[in-house]
2 protein chains.
Amino acid sequence: MIKAAVMGYGTIGSGVVEVLSRNRETIAKRAGDVIEVKYVLDLRDFKDDPIQKKIVHDYRMIADDPEIAIVVETMGGVEPAYTFVKAMLTAGKHVTTSNKALVAEKGAELIALARQKKVNFMFEASVGGGIPIIRPLNACLTGDVMEEITGIVNGTTNYMMTEMTEKGVDFDEVLKDAQNRGYAEKDPTADIEGYDAGRKIAILTSLVCGKQTDFEDVYTEGISHITAADIRYAKEMGRAIKLLATSRRVKTSYAVMVAPFLLPKTHPLYSVNGVFNAIFVRGNVSGDVMFYGSGAGKLPTAGAVVSDIVEMAKHIDKNIRVEWSPEKLALADYTCFKNRFFVRAKADKANAVEAFGGITAVEAEGIDGEIGFITEKMTEAEFEKRAALLPGIIQKIRVAD
Amino acid sequence: MIKAAVMGYGTIGSGVVEVLSRNRETIAKRAGDVIEVKYVLDLRDFKDDPIQKKIVHDYRMIADDPEIAIVVETMGGVEPAYTFVKAMLTAGKHVTTSNKALVAEKGAELIALARQKKVNFMFEASVGGGIPIIRPLNACLTGDVMEEITGIVNGTTNYMMTEMTEKGVDFDEVLKDAQNRGYAEKDPTADIEGYDAGRKIAILTSLVCGKQTDFEDVYTEGISHITAADIRYAKEMGRAIKLLATSRRVKTSYAVMVAPFLLPKTHPLYSVNGVFNAIFVRGNVSGDVMFYGSGAGKLPTAGAVVSDIVEMAKHIDKNIRVEWSPEKLALADYTCFKNRFFVRAKADKANAVEAFGGITAVEAEGIDGEIGFITEKMTEAEFEKRAALLPGIIQKIRVAD
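A. Local environment of the sheet that holds strand 6 (residues 121-122) of chain B. Residues and elements named next belong to chain B. Here we have 6 strands laid out as an open sheet, ordered 3-2-1-4-5-6, and parallel in their pairing. The sheet is open, and its two borders are formed by strand 3 (55-56) and strand 6, each paired with just one other strand. Relative to strand 2 (residues 35-41), strand 1 (residues 2-7) runs parallel, the two sharing 6 bridges. Bridged to Met7 within strand 2 is Leu41.

And the structure:
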């Protein structure tokens, strides 16, 4: 029997306890041993819940118990998660976390500490919820040099964009709806401004290049400026607006960006709707590969954590090599990204042509007093230069091929 | 430095040598050591090729060389691959293979032998070419009990169905074209009759249930009976015909089948075209997950083999547990599958109603002298019973929701 502890009995933590119980026998076969949760760390008590007899309030009870081999961290946030996780690894315990903030900021350090202590630090649930993506990058596509990773990695904003598209309603209304359903938090900034997606693409980039990608360096544009009018234009073009996180190889580095894109129907991410996520990768030998599934949700995310537990149980005596050094990756300048751009402006078409050269006009029913057009393909830098020549621009959205 | 040998210098074997050379440095970082091919086993000589100096003709040279830690088998077919692989494992060498025939028939035995010898037997490339699917099932979705696996796992037939759909041409013509392009073999039976897909779904089923699924037990229907007329009906219905391999949980076993299905536009596999493959899985905690990519091709398949090499290099001192025992899985009766059926018959509509009850008529332009209809949802067994009451049936194709 392998004894485990869960730190944080919120949605995901309680999901982990539930999955371990529901699929106990299958999991035991795959892990080679039964997994038993001995402690659950939480500030709260759960008086009428059978979990109460496992509740502890001091993380040192877990760190100091030599019986505990595997620790699950599902508290979220960098502190105190970081202090707790470090204590567990230092005490020679394997750790899995669903906490993208912790992984994005401290991943390299915790991986190095785990290696030193001959245990594992895993984080399958930190990106893409129930979609296997961390292990596929660490253990499957390892023969490839990655040319590109592009994903819909934030379920909240994808739900919101899908609703705006299907119902034609405006941003604020959809946000309220998403908050009522529990898909968006009270303070939705991290989701809607793309910071959450930025942390996730930073983690994925770190894994494929083997160096630390700081999420603060990622150019991030959210969806809060997208309006019902933009959606109307998108429909006119037969396109969908999706918040993409994208990382593309530029020589020995990567250019990384989070921004809304207009996707054509032929794009592999076009039909990824609602709270589903998908991550598309392009390797120099495997070509295009896509992973699709539930990007969030109690059970799918808990399932990803449990798959880490099984993997750690199978490697209870061994550190699995992960190539993610603390050496900082100097990101390539994102302004080298080349796209077409959709532009809305309170301006004359003649002025737009003067500023941008060849453009394709786009009209949407019921929208007057402005022009809409798509530019030729150009770099971000080139676009900014040209946009400065056209006063009256009220919107720009990147156009994916 | 880790020394490897490649057995079989055909398309995939030479691809493995190419990938190891092209991405040598990245691979060395991930594997923790440089991978060097010391021998290439082939019956042939390659006089003007630098590979010639590594060519050997006797597999025992490899088995007997203590320097060789990892062996790649890319010869295909059960024998002599089986004899060679067994010798390598017995000699304490890790083995990866792209050979689905070998894995489907001897997988459980070779996994057990590898465990006994404390090495690994891996086969990521045997299903889905460049799509990571074996390791995701073995190491990612391990917290789940799998409810369903459904995939387009044969690139040849998917290319043919896509061509028939896009060009409206008949089966024989498309087959010739596929043979000319090298997508179909001279004897195309294994692909077009669904045996190849049957072997692959048997492998996937074995992995998720942990027992031996014999491909001979899989009900298999190919695409050779699909005609241009069927495609016309499919278009009329807004559907695509795809050869699916599907495995669904029935109590503690699985019902497994390969057959063409009519897919609606909303189906996740609808837009998987050409030589692409995709595998959809449904877990009881992770929900729906899909993997998409190049189902075949020299480099993608070689990339999958190389990912096994990296994994074995990282586990050079350890057998990774794989749950696939030689105990035979008694498959659930496939006739319990419930579907609607599309039927074409030289018969009266009244007789069709008499036989099948509620039906939905389908017409296709330019097709006369027959009726086309879709039945209600019923089991395979029920369908056979009812079909016996309607003389003149010339086609039936299952309809997926």
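B. Expanded view of the relation of the copies chain A and chain B. Overlay of chain A on chain B (RMSD 0.0 Å): rotation 180 degrees, translation along the axis 0.0 Å. Overall, the copies show the geometry of a two-fold rotation axis. Identified as the residue of chain A closest to the rotation axis by C-alpha distance is Phe291 of chain A, at 2.4 Å. Counting the interface residues of chain A, we find that 100% of their copies in chain B are interface residues as well, pointing to one common contact surface.

C. Looking closely at empty space enclosed by the protein. Enumeration according to the criterion identifies 7 cavities of 30 Å³ or more in this entry. By volume, the largest cavity is sized at about 250 Å³. In terms of lining residues, the largest cavity is bounded by 22 residues, among which Met122, Arg135, Asn138, Ile320 and Val322 of chain A are the most central. Contributing elements (two or more residues each) for the lining of the largest cavity: helix 5 (100-116), strand 6 (121-122), helix 6 (134-140) and helix 12 (298-314) of chain A together with helix 6 (134-140) and helix 12 (298-314) of chain B. A total of 4 residues in the lining of the largest cavity trace back to one element, the largest contributor, which is helix 6 of chain A. Of the residues that constitute the lining of the largest cavity, the class distribution is 10 nonpolar, 3 polar and 9 charged. The residues that make up the lining of the largest cavity include at least three from each of domain 1 (2-130 + 298-314) and domain 2 (135-294) of chain A. When its volume is computed, the second largest cavity comes out at roughly 170 Å³. Every residue lining the second largest cavity is counted, 16 residues in all, and those nearest its centre are Met122, Arg135, Asn138, Ile320 and Val322 of chain B. Among the secondary structure elements, those contributing two or more residues to the lining of the second largest cavity are helix 12 of chain A together with strand 6, helix 6 and helix 12 of chain B. The greatest single-element share of the lining of the second largest cavity, amounting to 4 residues, is contributed by helix 6 of chain B. In terms of residue class, the lining of the second largest cavity is made up of 7 nonpolar, 2 polar and 7 charged.

Scoring rules and cut-offs
Residues numbered from 1 in each chain as written. Chains lettered and ligands numbered in written order. Predicted model: local features only at pLDDT ≥ 70, side-chain atom pairs only at ≥ 80, totals over all residues. Heavy atoms only, no water. Pairing = 2+ DSSP bridges. Helix = DSSP H or I, 4+ residues; strand = E, 2+ residues; numbered from the N terminus. Least-squares fit on C-alpha atoms with pLDDT ≥ 70 in both. Contact = heavy atoms within 4.5 Å. 1 Å grid on protein atoms, 1.4 Å probe; cavity = no way out; pocket = protein on both sides within 12 Å on 5 of 7 lines; lining within 4 Å. Points joined across faces, edges and corners; volume = space filled by probe spheres on them. Nonpolar A, V, L, I, M, F, W, Y, C, P; charged D, E, K, R; others polar. Domains from an automatic or database assignment.

So yeah, pure geometry; function would need other evidence.
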